[in-house]
Amino acid sequence: MPILPSPQRSTAPRQNDHLDTNLLRVLHTLLTERSVTRTALKLGKSQPAVSNMLRRLRDITGDPILVGGKSGMTPTERGEELLLLAKQGLGVMESIANPAPDFTPALTQRVFHLGAPDYLSVLLIPLIMETVRARAPHAGLVIHSLNAGFDYSSALESGELDIVIGNWPEQPQHLHLAHLFEDELVCMLNSEHPVVKKGLSLKYYLDMAHLAPTPYMMGHRSIIDSALAEQGMKRQIKMTIPYFGMVPYVLAKTDLIFTTSHCFAMHFGRQWPIAVLPMPMPMPKMRFFMLWHERSHSAPEVQWLRKLVADASREVMGKNPYEVLGGTANDVTVPR
């Protein structure tokens, strides 16, 4: 068995040589087999080729790696360290080359990040949280409230957010999108308000004092004000609030009127002294959709979350959002 001479340890490794996958595999096998001959046989290489690679490895590391002993070659102290590093390095390379392991919701400890307007905190968000707790009890879920100063597009690109739920009129073109649900617009007001008995005419609607949510997207006008502006009309917004949970408390104490979705209005109309009236003019429906970036499009964990959000939306509305909107569920359909 040939034994290469053991060079003196050098503190100046060759600058033009680099460690690649092939050399790393030879290093690991040499340190495991402790033999040039056995390494050559195991890797299907010639003995001179392995001897040459050992010389290169010695130059790169500045260490003999293997030295002669009574029973053959034995690793140096640095060689023992390199064996562990080589094993770890090969493991990392195999992980990179192989497909990601299957995602198991019940075992994941991932913390998901979802951006959503405050409006959804009443019905949809609690259901999403309930489902995550049931299916992925070790996972975390952070809800980020959208506001006028929050750049949700950059947050999706950087990974700060996994998905965003929104309903602004202009839908971004550079993000993936799936429609979730739509709902009719209605009016909420104190059940003792005179308009409840008289009937809500368009004139009354425009003259009344309105309560409105604080805009959560910079530069975006609400679907209500956009529709009114198209017909040369404008409502009288006298008060704004940052949280939708405040709406029933304010309406119960004032003469304000609040325009919102039918689903939201009926939820509170059953619990508070609040009347829910139809809009006095035709208005477009509120459409909610889900956005995500290409960076997470194929990630199994985020695919699972998107499917969960779509299912929760369907349950809240009691109908299939894809059938209603004519969209496709392909972007959110993954095995449950």
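Residues numbered from 1 in each chain as written. Predicted model: local features only at pLDDT ≥ 70, side-chain atom pairs only at ≥ 80, totals over all residues. Heavy atoms only, no water.

### Some thoughts on the packing of aromatic side chains
Counted under the stated rule, the structure contains 11 aromatic pairs. Ring geometry for Phe244 against Phe258: centres 5.9 Å apart, planes inclined by 75 degrees, an arrangement best described as edge-to-face. In this pair, Phe244 is assigned in the loop between β9 (236–241) and α10 (247–251) and Phe258 in strand β10 (residues 257–261), connecting sequence segments 14 residues apart. Each member of the pair, Phe244 as well as Phe258, carries the same accessibility label: buried. Geometry around Trp292 places Arg306 over its ring, the cationic atom sitting 4.1 Å from the centre. (Phe/Tyr/Trp six-rings, centres within 6.5 Å; stacked < 30°, edge-to-face > 60°. Helix = DSSP H or I, 4+ residues; strand = E, 2+ residues; numbered from the N terminus. Buried < 20%, exposed > 50% of the residue type's maximum accessible area, 1.4 Å probe, protein only. Lys NZ or Arg CZ within 6 Å of the ring centre and 35° of its normal.)

### What to know about the pairing of β10
Burial of β10 is extensive: 5 of the 5 residues sit out of reach of the surface. Sheet topology places strand β7 (residues 185–190) next to β10; 5 bridges connect them, and they run antiparallel. Looking at the pairing, Leu185 lines up with Ser261 of β10. Pairing geometry for strand β8 (residues 209–213) and β10, over 2 bridges, is parallel. Counted as the bridge partner of Leu211 is Phe258 from β10. (Pairing = 2+ DSSP bridges.)

### Things to note about the nonpolar core
Ile128 and Ile165 are the most contacted members of the largest nonpolar core, which totals 65 residues. In terms of residue count, the dominant contributor to this core is helix α12 (residues 300–317) (8 residues). Excluding its chain neighbours within four sequence positions, the residues that come into contact with Ile165 are Leu114, Gly115, Ala116, Pro117, Leu120, Leu124, Ile128, Leu146, Leu180, Phe288, Phe289 and Val309. One finds Leu24, Val26, Ile60 and Met73 within the second-largest nonpolar core, a separate group that totals 19 residues. (Core = buried A, V, L, I, M, F, W, Y, C linked by side-chain atoms within 4.5 Å. Contact = heavy atoms within 4.5 Å.)

### Comments concerning the side chain of Ser153
Along the chain, Ser153 turns up in helix α6 (residues 152–158). Polar side-chain contacts of Ser153 include one of 2.7 Å to the side chain of His174. Those residues in contact with Ser153, other than ones at most four positions away along the chain, are His174 and Leu175. (Polar contact = N/O pair within 3.5 Å; in protein donor to acceptor, adjacent residues only side chain to side chain.)

### A look at the packing of helix α2 (residues 36–43) against helix α3 (residues 47–61)
Two elements in contact, α2 and α3, have axes whose closest approach is 9 Å; the angle formed by their N-to-C orientations is 115 degrees. Considering the angle they form, α2 stands roughly perpendicular to α3. Every pair of crossing elements has a handedness; the one defined by α2 and α3 is right-handed. Residue-level contacts link Val36, Thr37, Thr39 and Ala40 of α2 to Gln47, Val50, Ser51 and Leu54 of α3. (Axes fitted to C-alpha atoms, helices over the stretch in contact; angles between N-to-C directions. Parallel < 35°, antiparallel > 145°, perpendicular 65-115°, else oblique. Left-handed = near helix turned anticlockwise from the far one by under 90°.)

### Observations concerning the sheet that holds β7
Across the sheet, which stays open at both edges, the 5 strands sit in the order β9-β8-β10-β7-β11 with mixed pairing between neighbours. In this open sheet, the two strands that pair with only one neighbour each are β9 and β11 (274–278). Averaged over all neighbouring strand pairs, the angle between strand axes comes to 35 degrees, with direction disregarded.

### So, unusual backbone geometry
Keep in mind that most residues, glycine aside, have a negative phi and that most peptide bonds are trans. At Arg34, a residue that is not glycine, the phi angle is positive and equals roughly 55 degrees. By the secondary structure assignment, Arg34 is in the loop between α1 (21–33) and α2. Here Arg34 falls in the partly exposed class, since its relative accessible area comes to 35%. Phi at Ile65 is positive, roughly 70 degrees, even though this residue is not glycine. Within the secondary structure, Ile65 is located in the loop between α3 and β1 (66–69). For Ile65, a relative accessible area of 1% gives the class buried.

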